[in-house]
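Summary of the model geometry
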Amino acid sequence: MRWLVPLLKLLYSPFLAAVCLAAGTAAWFFISLGLGLGGRLGLMITLPGLFFGLTVVQVVWSARVLLLPRPAQTDEFEPPAKSLAGLVKLTRRIAGERRLPAPDVIRLSPDDVAYVYEDDRNRKVLVVGAVALGIFSQPQFASVIAHELGHFAGGDTRTSRRGYRWSLMMGVLDFEFDRNPWAAANPLVWLVRGYHLLYRWALAANSRVQEYRADRCSVEHAGKREAAVTLILFEAIEKLPWARLSAIADAAVQLSIPVDRIFTEQAKRAAEITPADWQEACARALRSKTRPFDTHPALRDRLRAIGVSRKKALELASQLDHSGPKARDLVTGWDSIEHWLTATLLEQHRERWEAKQEAAAIILGRPAVGR
């Protein structure tokens, strides 16, 4: 599967060139024939030519994204170096012990657990989500870091960076097809969309392989139990509405509840969850199945890959331990940083909420509220 993604990427340019050549030739043929015949019949023959010509225009117009700079990650925050000294020390220790590449840059984000990428300067960037800092213990957090560094070692970030613009162009081209219903009349459009579908399927399948490999890095560093507990904790908490971060943020925005340390609030709620509720949430998470276009395997498949059965997972869920040093203790001045990250997260949710309110007002013909 790993070879299929770069192959499809390599063939995409010649494939589109062939499509444009075929569409352009068909457009010239039908338009020339229609103009030659004239009258109503000529007009009817000209129309297919216009459809084929439109496809060429859409492909060329979509290619403009290949020249655009990669947008900056506006929700990422890079605190002063002294604030991340503990986090940098832990990351370098894990990289040294496991012989994994260390990141060149470490940033914080108000959302997600953690992710990695390579920027346009080829720097390896590790982004740690405040979610992970808020609810994970340091051993659990170390498992997360080992997982992310495993992506660097596997070359996943380099592959992702190289394919970013082509994936973006596919999305833009599909959007152009969707916004123009006449595009569906061109069989070449369906050929292009089929190619896109195959590429996304291969990309998702390859991404799942990368996740399994990165999970093995977590097991090698933290042990099977700690790696499994980390996976269970994050997946299970998403099944508990009163402890899910997005639900807390939505409630704060919609009900105008003042919250200035949302990640501490989530950690507090997580600590109050009973073993029975953790087990039930874990059981619900284990029922989810991996679908063909999922970039991450379902929890049960990830646990099975590291040798943890469903029975063992439920047992671990009932024994989740929230004691011990917290991951947030690795960040100096966490309180002030958390205030900033909380404000950023709530602003994102506020913008989405206001957009929904405006859309509902337009549909129902009522004045929007909240402005």
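Computed from a prediction, not measured in an experiment: that's the story for all the values here.

Quick notes on the rules
- Residues numbered from 1 in each chain as written.
- Predicted model: local features only at pLDDT ≥ 70, side-chain atom pairs only at ≥ 80, totals over all residues.
- Heavy atoms only, no water.
- Helix = DSSP H or I, 4+ residues; strand = E, 2+ residues; numbered from the N terminus.
- Contact = heavy atoms within 4.5 Å.
- Pairing = 2+ DSSP bridges.
- Axes fitted to C-alpha atoms, helices over the stretch in contact; angles between N-to-C directions.
- Patch = residues over 30% accessible without salt bridge, like charges linked within 9 Å, V, L, I, M, F, W, Y side chains within 5 Å.
- Areas by Shrake-Rupley, 256 points an atom, 1.4 Å probe, with all protein chains shown as cover.
- Salt bridge = Lys/Arg side-chain N within 4 Å of Asp/Glu carboxyl O.
- Buried < 20%, exposed > 50% of the residue type's maximum accessible area, 1.4 Å probe, protein only.
- Arc of directions from axis to C-beta.
- Polar contact = N/O pair within 3.5 Å; in protein donor to acceptor, adjacent residues only side chain to side chain.
- pLDDT = per-residue confidence, 0-100.
- Expected span 1.5 Å × (residues − 1).

Locating S83 in the fold gives a position in the loop between α2 (39-62) and α3 (85-98). Every residue in contact with S83, bar those within four places of it in the chain, is listed here: L330, V331, T332 and I337.

Across the sheet, 3 strands lie side by side as β1-β3-β2; this open sheet has mixed pairing. The open sheet has two edge strands with one neighbour each: β1 (105-109) and β2 (114-118). In this sheet, neighbouring strand axes are inclined to one another by 25° on average, regardless of whether the strands run parallel or antiparallel. Direction of pairing for β1 relative to strand β3 (residues 124-129): parallel, over a ladder of 5 bridges. Bridge pairing in β3 places V105 opposite V125.

A grouping of W28, F29, L33, L37 and L41 is seen on the molecular surface, where their side chains present a nonpolar patch of about 550 Å² in accessible area. A total of 4 residues in the nonpolar patch trace back to one element, the largest contributor, which is helix α1 (residues 4-37). On the secondary structure map, L33 appears in helix α1.

Now for helix α9 (residues 245-254). All buried positions along α9 are accounted for by L245, I248, A249, A252 and V253. The arc that holds the buried residues of α9, viewed along the axis, is 130°, so those residues lie on one side. At the C-terminal side of α9, S256 shows a positive phi close to 55°.

Phi angles above zero are rare outside glycine, and R99 is one such case at about 55°. Assignment of secondary structure puts R99 in the loop between α3 and β1.

This part covers the side chain of E211. By the secondary structure assignment, E211 is in helix α7 (residues 187-222). There is a polar contact of 3.2 Å between the side chain of E211 and the side chain of H151. When residues no more than four places from it in sequence are discounted, the contact partners of E211 are H147, H151, T295, H296, P297 and R302.

To continue, consider the confidence of the model for the protein chain. Mean pLDDT over the protein chain: 89, with 96% of residues reaching 70 or higher. Within the protein chain, the element-level pLDDT minimum falls on helix α6 (residues 156-179), averaging 85, and the maximum on helix α12 (residues 299-305), averaging 97.

Okay, α3 next. The terminal C-alpha atoms of α3 lie 20 Å apart, and with 14 residues this matches the ideal 20 Å at 1.5 Å per residue to within 8%. Every buried residue of α3 is accounted for by L87, L90, T91, I94 and A95. Taken down its axis, α3 places every buried residue within 130° of arc, on the same side. Along α3, exposed side chains directed more than 90 degrees from the buried face belong to K89, R92 and G96. Buried residues along α3 sit in contact with β1, β3, α5 (138-153) and α7. At the exit of α3 stands R99, carrying a positive phi of roughly 55°.

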